[in-house]
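Coordinate analysis (summary)
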Amino acid sequence: MTRMVTIGAAQTGPIQRSDTRAEVVERLIALLRQGAAAGCDLVVFPELTLTTFFPRWFVEDRAEFDHFFETEMPGPETQPLFDEAVRLQVGFHLGYAELTPDGHHYNTAILVEPTGQIVARYRKVHLPGHEAHEPWRAFQHLERYYFEAGPSFDVHRAFGGLMGMAICNDRRWPETYRVLGLQGCEMALIGYNTPTHYAPDPSQDRLQGFHNHLVLQSGAYQNGMWVVGVAKAGHEEGSDLLGGSAIVAPSGEIMAECQTTGDELVVAECDLDLCANYKETLFDFDRYRRPEVYRRITEQTGVEIPAHLRDPKETS
Ligand code: CDT
């Protein structure tokens, strides 16, 4: 059997601070139209698509940055994207900064059906970077200052299958894919903004592209799911953001990959029934998993060296 869904990975180039929402939405609409022309059912946009990656700056009063957040979705500036999706009968996935009516700040993504209905909303679980201003860095990564962590990874019936979402740093954690996989997830949609410079350990800078594909591909293979990783890329406000957006099959193979660091759409026809090839054989969870052996994964956060192996010179 085949269950085909045609996916467009709609990478964007940089969004500068001076770019208006209207200008950004125009670019997204252009990508959506390309997707529709290529037969896409779903076009996937990146993390924090509507603005520059503002956690690179510190402001004493966080409320000064509330203008980077959406208080409604759709709002007046994003409504044209929803209207065009309905007109074209194409769904989309969009990452943005969300400010809720009761004052909570999240790094959020939504999944929108071709009817324009929001079918799912995901709030980023793993917030990377730091909580306080660190002036020694060339630029900040203050997601832990501007956002609250989201509560869960969920799956949703949409586009003919079971869809999941994760955001950027989530993709580096095997738990993300496994928690989705344990709910039968057939396709994970993951937007990202990844600076190519990692201040705590610059030896990782040259490996950013490798690590990106490594985690997307292993997450796909080990859970028998499609993974769609989509970047906001290019030189943004003095910081270089990684490209390499990719659509990965349950085999772990990359089926489509962006070649630039600008606005670029790549398309793959994805057979959701391919997931079963892996979910029902090598990764038949029900048959082979041993959760009783994995208790540390949920009972422990950091490393705990067993007491009998601890260095006696180290105190407690
Ligand atoms: N946006 C995001 O989550 N970026 C992180 C950067 C990690 S370095 C602080 C990522 O994992 O790509």
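The preceding data block contains the structure.
A short tour of the structure in this document, coming up. (Residues numbered from 1 in each chain as written. Predicted model: local features only at pLDDT ≥ 70, side-chain atom pairs only at ≥ 80, totals over all residues. Heavy atoms only, no water.)

**Focus: the packing of helix α4 (residues 174-181) against helix α5 (residues 208-223)**
Contact geometry of α4 with α5 gives a least axis separation of 9 Å together with a crossing angle of 30°. When the axis of α4 is compared with that of α5, the two are roughly parallel. Relative to α5, the crossing made by α4 is right-handed. Across from Tyr177, Arg178 and Gly181 in α4, the residues of α5 making contact are Val215, Leu216, Gly219, Gln222 and Asn223. For the contact of α4 with α5, a count of residues per class yields three nonpolar, four polar and one charged. (Axes fitted to C-alpha atoms, helices over the stretch in contact; angles between N-to-C directions. Helix = DSSP H or I, 4+ residues; strand = E, 2+ residues; numbered from the N terminus. Parallel < 35°, antiparallel > 145°, perpendicular 65-115°, else oblique. Left-handed = near helix turned anticlockwise from the far one by under 90°. Contact = heavy atoms within 4.5 Å. Nonpolar A, V, L, I, M, F, W, Y, C, P; charged D, E, K, R; others polar.)

**Considering the site of the ligand**
With respect to spatial proximity, 14 residues lie near the ligand, and among them Lys124, Cys168, Asn169, Arg172 and Thr194 are the closest. Note that an oxygen atom of the ligand is positioned 2.6 Å from one of the side-chain N or O atoms of Arg172. One of the backbone nitrogen or oxygen atoms of Asn193 is found 3.0 Å away from a nitrogen atom of the ligand. Burial of the ligand by the protein amounts to 92% of the accessible area it has alone, namely 360 Å². Residue composition of the shell around the ligand, grouped by class: four nonpolar, five polar and five charged. (Near = heavy atom within 4 Å. Polar contact = N/O pair within 3.5 Å; in protein donor to acceptor, adjacent residues only side chain to side chain. Areas by Shrake-Rupley, 256 points an atom, 1.4 Å probe, with all protein chains shown as cover.)

**Thoughts on the sheet that holds strand β14 (residues 264-271)**
Here six strands make up an open sheet; going across it, the order is β5-β4-β3-β2-β1-β14 and the pairing mixed. The open sheet terminates on both sides in strands that have one partner only, identified here as β5 (118-123) and β14. Shown here is a sheet whose adjacent strand axes are inclined to one another by a mean of 25°, direction ignored. Strand direction decides the pairing type here: strand β1 (residues 4-11) and β14, joined by eight bridges, are antiparallel. Across the sheet, the residue bridging to Ala9 is Val266, located in β14. Of the strands in this sheet, β1, β2 (42-44), β3 (91-99) and β14 touch helix α1 (residues 21-37), which is tilted by about 40° from β14. Set on the sheet, helix α2 (residues 79-88) makes contact with β3, β4 (105-112) and β5; between it and β3 the angle comes to about 165°. (Pairing = 2+ DSSP bridges.)

**Considerations on the packing of α1 against α2**
Helices that pack against each other are described as a pair by the angle of their axes relative to one another and the distance between those axes. Remark: α1 packs on α2, axes separated minimally by 10 Å, with the N-to-C direction vectors making an angle of 10°. Here α1 is positioned roughly parallel relative to α2, judged by the angle of their axes. Listed contacts from α2 to Val25, Leu28, Ile29, Leu32, Arg33 and Ala36 of α1 are Pro80, Leu81, Glu84, Ala85, Arg87 and Leu88. Partitioning the contact of α1 with α2 into residue classes produces nine nonpolar, no polar and three charged.

**Thoughts on the pairing of β5**
Relative to β5, β4 runs antiparallel, the two being bridged by five bridges. What sits directly across from Thr108, in β5, is Arg123.

**Things to note about the sheet that holds strand β12 (residues 246-248)**
Taken in spatial order, the six strands make up an open sheet running β6-β7-β8-β9-β12-β13, and their pairing is mixed. Bordering the open sheet on either side are β6 (155-158) and β13 (254-257), each of which pairs with just one other strand. Taken pair by pair, the neighbouring strands of this sheet meet at an average axis angle of 20°, ignoring direction. Packing against the sheet, α4 makes contact with β6, β7 (161-167), β8 (187-192) and β9 (226-231), and its axis sits at approximately 160° to β7.

**As for the environment of Phe69**
With respect to the helices, strands and loops of the structure, Phe69 is situated in the loop between β2 and α2. When its relative accessible area of 6% is taken as the criterion, Phe69 is described as buried. Taking C-alpha positions, Phe69 is 18 Å from Gln140, a pair spaced 71 residues apart along the chain. Not counting residues within four places of it along the chain, the set of residues in contact with Phe69 comprises Arg21, Phe54, Ala97, Glu98, Leu99, His105, Tyr106, Tyr146 and Phe147. (Buried < 20%, exposed > 50% of the residue type's maximum accessible area, 1.4 Å probe, protein only.)

**Some remarks on the side chain of Glu47**
Positionally, Glu47 belongs in the loop between β2 and α2. Only 2.8 Å separates the side chain of Glu47 from the side chain of Asn107, close enough to count as a polar contact. Residue contacts for Glu47: discarding those within four places in its chain leaves Phe53, Gly95, Asn107, Lys124, Glu143, Ile167, Cys168, Gly191, Tyr192, Asn193, Val230 and Lys232.

**Quick word on the pattern of salt bridges**
In this structure the tally under the stated criterion is 18 salt bridges. A salt bridge links Glu70 to Arg21; the shortest N-O distance between them is 2.7 Å. With Glu70 in the loop between β2 and α2 and Arg21 in helix α1, this residue pair connects regions lying 49 residues apart in the sequence. You'll find Glu70 and Arg21 in the same group, each marked buried. Here Arg144 makes a salt bridge to Glu131, at a shortest N to O gap of 2.6 Å. Of the two residues, Arg144 is situated in helix α3 (residues 143-146) and Glu131 in the loop between β5 and α3; the sequence distance between them amounts to 13 residues. (Salt bridge = Lys/Arg side-chain N within 4 Å of Asp/Glu carboxyl O.)

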